[in-house]
Amino acid sequence: FVQHRAGNTERAAELLDEIANRYTHLLQAIDVALEIDEHPGRAYRLLLPLYSPTKAPRREQAQLAARVRDRWPDTDDTFRAAAYAIMGHIALWAGSEDPTPLAEAALADPGATRIAKIIALRVLGFHAGQQGDREAARTHIEAALEIAASRGGSFERELKMTWASL
């Protein structure tokens with residue numbers, strides 16, 4: 001995600017390292033947003049870096065994501081689709097809940113960006129694969145690949161490898 005936004009792989013690597021180094025502060029910031037904010041915008045934006053590979057436990061992230069959803073159910077925001085795609089990603093790897101409704105909510109959001117759609121479709125594809133439904137997995141990965149192909153980059157490469165493995 002950061003690489004696509006930054007457009008520079010060296011800078012993206014630096015940003016990912018910085019996210020990992022400040023992980024505790026990021027979680028604390030989300031906690032503060034949950035306590036004091038009337039609208040989910042800040043919490044949604046703060047969830048986005050949780051897509052990056054961190055050594056942090058996904059279960060902890062999943063609990064925090066659930067608190068954000070509980071605090072602001074069905075609240076519109078510019079970053080809602082991306083946040084729900086990331087929440088689906090977290091749920092997928094934490095194994096704490098079915099990520100399907102989260103990914104589907106991201107895809108249904110009219111404000112979903114290309115990257116939010118790619119992440120949501122990737123979540124659906126990996127989840128279908130985990131459930132043994134290779135046909136559905138291929139369908140979701142192909143849809144994500146179609147979107148990613150318009151920009152190229154790491155998502156396209158990763159999705160091609162994922163599709164080939166199915």
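Above this text is the structure in question.
Rules used throughout
In this convention, every chain numbers its residues from 1, walking through the sequence in written order. Per-residue local features are limited, in this predicted model, to residues with pLDDT of at least 70; the limit for side-chain atom pairs, both in listing and counting, is 80 or more; totals at the level of whole chains, interfaces and linings are taken over all residues. With hydrogens and water excluded, all non-hydrogen atoms of the structure serve as input to the side-chain values. Relative accessibility under 20% of the residue-type maximum defines a buried residue, over 50% an exposed one, and the middle range a partly exposed one, all with a 1.4 Å probe and only protein chains included. A run of H or I in DSSP becomes a helix once it reaches four residues, and a run of E becomes a strand once it reaches two; helices and strands are each numbered from the N terminus. One fewer than the residue count of a helix, multiplied by 1.5 Å, yields its expected span. To obtain the arc, one takes the directions from the helix axis to the C-beta atoms. We call Phe, Tyr and Trp rings a pair once their centres come within 6.5 Å, taking the six-membered ring for Trp, and we label the pair stacked below 30 degrees between planes, edge-to-face above 60, and tilted otherwise. By definition, being over a ring means that NZ of Lys or CZ of Arg is both within 6 Å of the ring centre and within 35 degrees of the ring normal. Only the contacting stretch of a helix is used when fitting its axis, a line to C-alpha atoms as for every element, and angles between N-to-C directions run 0 to 180 degrees. In these notes the angle categories are as follows: under 35 degrees is roughly parallel, over 145 is roughly antiparallel, 65 to 115 is roughly perpendicular, and the rest is oblique. The hand of a helix crossing depends on one turn: near helix anticlockwise from the far one by less than a right angle means left-handed, and clockwise means right-handed. Any two residues whose heavy atoms approach within 4.5 Å are treated as being in contact. We call Asp, Glu, Lys and Arg charged. Ala, Val, Leu, Ile, Met, Phe, Trp, Tyr, Cys and Pro are nonpolar, and the rest, Gly among them, are polar.

Colleague: Residue-level account of unusual backbone geometry, with values.
Modeller: Note: most peptide bonds trans; most residues except glycine with negative phi. Here Asp74, not a glycine, exhibits a phi torsion of approximately 55°, which is positive. For Asp74, a relative accessible area of 64% corresponds to the exposed category.

Colleague: Lay out helix H3 (residues 23-36) with the relevant residues and their values.
Modeller: Between the first and last C-alpha of H3 there are 20 Å, a value that for 14 residues agrees with the 20 Å anticipated at 1.5 Å per step. Turning to H3, its buried residues are Tyr23, Leu26, Leu27, Ile30, Ala33 and Leu34. When H3 is viewed along its axis, its buried side chains cluster within an angular range of 115° and face the same direction. Turned more than 90 degrees away from the buried face of H3, the exposed residues are His25, Glu35 and Ile36.

Colleague: Before we move on, can you summarise the packing of aromatic side chains with the specific residues and values?
Modeller: Enumeration according to the criterion identifies 3 aromatic pairs in this entry. Over the aromatic face of Tyr84 sits the side chain of Arg80, whose NZ or CZ is 4.2 Å from the ring centroid.

Colleague: Can you lay out the packing of helix H7 (residues 100-108) against helix H8 (residues 114-130) for me, pointing to particular residues and giving the numbers?
Modeller: Contact pair H7 / H8: the axes reach a minimum separation of 9 Å and the direction vectors enclose 150°. Considering their axes alone, H7 and H8 lie roughly antiparallel with respect to each other. In this structure, H7 meets H8 at a crossing whose hand is left-handed. Contacts between H7 and H8 involve Thr100, Ala103, Glu104, Ala106 and Leu107 from the first element and Lys117, Ala120, Leu121, Val123, Leu124 and His127 from the second. Its residues placed into classes, the contact of H7 with H8 shows 7 nonpolar, 2 polar and 2 charged.

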